[in-house]
Amino acid sequence: MIDFRRHWTEDWARLNLTGTEAWLDRVLASHAEPSRHYHTLQHLEECLALFDQVAHLAEHPGEVAIALWFHDAVYVPLATDNEARSAAWASEALRTAGAPPALIERIQALVMATVHHDATADADAGLVIDIDLAILGAGPARFAQYEQQVRAEYAAVPAFPYRRKRNEILARLLARPVIYGTPDMHRRFEAQARMNLRHAIGR
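Residue positions within a chain follow its written sequence, with the count starting from 1. Totals for whole chains, interfaces and linings use every residue, but because this is a predicted model, local features are given only for residues with pLDDT of at least 70 and side-chain atom pairs only at 80 or more, for both listing and counting. Here the side-chain values reflect all heavy atoms present in the structure, with hydrogen atoms and water set aside.

1. Observations regarding the overall build of the protein chain
- A run of H or I in DSSP becomes a helix once it reaches four residues, and a run of E becomes a strand once it reaches two; helices and strands are each numbered from the N terminus. Within the protein chain one finds ten helices and zero strands.
- For the protein chain, the α and β elements follow one another from N to C terminus as α-α-α-α-α-α-α-α-α-α.
- Only C-alpha atoms enter the radius of gyration, while the globule expectation follows 2.2 Å times N to the 0.38, with N the number of residues. Taken over the C-alpha trace, the protein chain has a radius of gyration of 17 Å; the compact-globule value for 203 residues is 17 Å, and the two agree within 12%.
- With the principal axes as the frame, the protein chain shows a C-alpha extent of 50 × 35 × 30 Å.
- Remark: exposure states derive from per-residue accessible area (1.4 Å probe, protein chains only) relative to the maximum for the residue type, with buried under 20%, exposed over 50%, and partly exposed in between. For the protein chain, with 203 residues in total, the buried portion stands at 50%.
- Of the contacts formed within the protein chain by residues at least 6 apart in sequence, a portion of 68% connects residues at least 24 apart.
- Taken as a whole, the protein chain presents about 9600 Å² of accessible surface, with 58% of it coming from carbon and sulfur. The contact criterion used is simple: two residues touch if any of their non-hydrogen atoms lie within 4.5 Å. Areas reported here follow the Shrake-Rupley algorithm with a probe of radius 1.4 Å; residue values treat only the protein chains shown as occluding.

Listed below in structure tokens is the structure:
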């Protein structure tokens with residue numbers, strides 16, 4: 001179990017900055033919104049826990065950590081600007097903490113990298129993406145739960161168009177030469193992710 005407050009303090013300290021309690025409370029509250037079923041505190045905790053295991057792979061660990069905190073700060077099902085609004089939250093929190101403009105721009109770019117999940121992104125962006133997509137390589141039970149959670153977030157979409165669109169998304173991921181661009185993440189998750197995706201599409 002992640003201690004969110006301790007993690008928050010330590011992650012900001014990596015940047016020699018102090019994140020405010022008000023921003024932590026805002027981020028945690030947003031992940032607890034009732035419209036969320038997958039993009040929840042569970043997902044945030046899974047991302048931070050995995051980051052703890054792979055932080056040594058990051059060129060700038062503090063930047064990756066703060067990007068993970070904010071990458072789903074705003075999540076509205078069916079909205080097309082969630083990442084942009086999440087990046088704006090990150091920018092505002094960083095300005096409040098006194099971060100220099102160049103640092104703010106880099107972290108905003110890491111958040112925005114989760115729009116297309118391009119496995120060929122630069123090292124830190126690639127790591128953020130791979131952590132965000134690690135759920136695809138989860139064990140069968142967790143992956144099945146994930147699929148149910150995503151469906152719940154899109155409950156307003158009728159079954160047939162949802163399944164068609166969902167299959168398109170999963171098929172695009174499966175068709176990639178690699179899903180995980182970070183070698184360590186590729187070794188850990190690639191094979192299981194492809195099994196999970198084939199099973200989900202086959203259903």
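2. Looking at the pattern of salt bridges
- Any Lys or Arg side-chain nitrogen located within 4 Å of an Asp or Glu carboxyl oxygen qualifies as a salt bridge. If you walk through the whole model with that rule in mind, you get 13 salt bridges.
- Linking E63 and R106 is a salt bridge whose minimum nitrogen-to-oxygen distance equals 2.8 Å. In this pair, E63 is assigned in helix α4 (residues 61-70) and R106 in helix α6 (residues 101-112), connecting sequence segments 43 residues apart.
- Look at E63 and you get buried, because its relative accessible area is 6%.

3. As for the packing of α4 against helix α7 (residues 123-132)
- What counts as an axis is a line fitted to C-alpha atoms, over the stretch in contact for a helix, and the angles between N-to-C directions run from 0 to 180 degrees. Where α4 contacts α7, the axes come no closer than 10 Å and their chain directions differ by 40 degrees. Taken as axis vectors, α4 and α7 run oblique relative to one another. For the element pair α4 and α7, the recorded crossing hand is right-handed. Counted together, V64, A67 and L68 of α4 and D124, L127, V128 and I131 of α7 form the full contact between these two elements.
- In this count, Pro and Cys sit with the nonpolar residues alongside Ala, Val, Leu, Ile, Met, Phe, Trp and Tyr, while Asp, Glu, Lys and Arg are called charged and the others, Gly among them, polar. Classifying every residue of the contact of α4 with α7 gives six nonpolar, no polar and one charged. Small angles under 35 degrees read as roughly parallel and large ones over 145 as roughly antiparallel, with 65 to 115 read as roughly perpendicular and the rest as oblique. Two helices cross in a left-handed way if the nearer one is turned anticlockwise from the farther one by less than a right angle. They cross in a right-handed way if the turn is clockwise.

4. Side note on the packing of aromatic side chains
- Stacked, tilted and edge-to-face are the three classes assigned to paired rings of Phe, Tyr and Trp, where Trp is represented by its six-membered ring and a pair needs centres within 6.5 Å; plane angles under 30 degrees give stacked, over 60 edge-to-face, the rest tilted. One pass over the structure, following the stated rule, counts ten aromatic pairs.
- Considering the side-chain rings of Y180 and F189, the 5.8 Å spacing of their centres and the 45 degrees angle between planes classify their relative orientation as tilted. When sorted by exposure, Y180 lands in the same class as F189, which is buried.
- Ring-pair connections join several aromatic residues into one group, and the members of that group are F4, W8, W12, W23, W69, F70 and W89.
- A cation over an aromatic ring shows up here: R26 above the ring of W89, its NZ or CZ 4.0 Å from the ring centre.
- Residue placement shows R151 over the ring face of Y162; its charged tip is 4.3 Å from the ring centre. Criterion for a charge above a ring: Arg CZ or Lys NZ at most 6 Å from the ring centre, at most 35 degrees from the ring normal.

5. Considering the nonpolar core
- We define the nonpolar core as a collection of buried residues of types Ala, Val, Leu, Ile, Met, Phe, Trp, Tyr and Cys that are connected through side-chain atoms lying within 4.5 Å of one another. Formed by 65 residues in total, the largest nonpolar core has its most connected members in W12, W69, F70, I131 and L136.
- For this core, the element with the most residues is α4, which contributes seven residues.
- For W12, the residues in contact, after removing those within four places along its chain, are L17, T18, G19, I66, F70, A93, L94 and A97.

6. Notes on the environment of Y180
- Structurally, Y180 is set in the loop between α9 (159-175) and α10 (183-202).
- Owing to a relative accessible area of 1%, Y180 belongs among the buried residues under this scheme.
- Along the chain, Y180 and L127 lie 53 residues apart, while their C-alpha atoms are 8.6 Å from each other.
- When residues no more than four places from it in sequence are discounted, the contact partners of Y180 are D130, L133, A134, L136, G137, M185, H186, F189, E190 and A193.
- Here G137 takes part through its backbone nitrogen, which lies 3.3 Å from a polar atom of the side chain of Y180. Two N or O atoms count as a polar contact when they lie within 3.5 Å, although within protein this holds only if one can serve as hydrogen donor and the other as acceptor, and sequence-adjacent residues are included solely when both atoms are side-chain atoms.

7. Looking at helix α1 (residues 4-13)
- Along α1, the positions that sit buried rather than exposed are F4, H7, W8, D11 and W12. Within α1, the buried residues cover an arc of 125 degrees as seen down the axis, which keeps them to one side.
- Looking at the buried residues of α1, the elements they touch are α2 (21-31), α3 (41-54), α4 and α5 (82-96).
- Residue D3 occupies the N-cap position of α1, its side-chain oxygen lying 3.2 Å from the main-chain nitrogen of R5. This arc is taken over the directions from the axis of the helix to the C-beta atoms.

8. Details of the packing of helix α8 (residues 140-153) against α10
- It is the contact of α8 with α10, at a shortest axis distance of 11 Å, that shows an interaxial angle of 50 degrees. In terms of orientation, α8 and α10 fall into the oblique class. Between α8 and α10 lies a crossing of right-handed hand. Counting all contacts with α8, which are made through P140, F143 and E147, the residues of α10 involved are Q192, N196 and A200.
- By residue class, the composition of the contact of α8 with α10 is three nonpolar, two polar and one charged.

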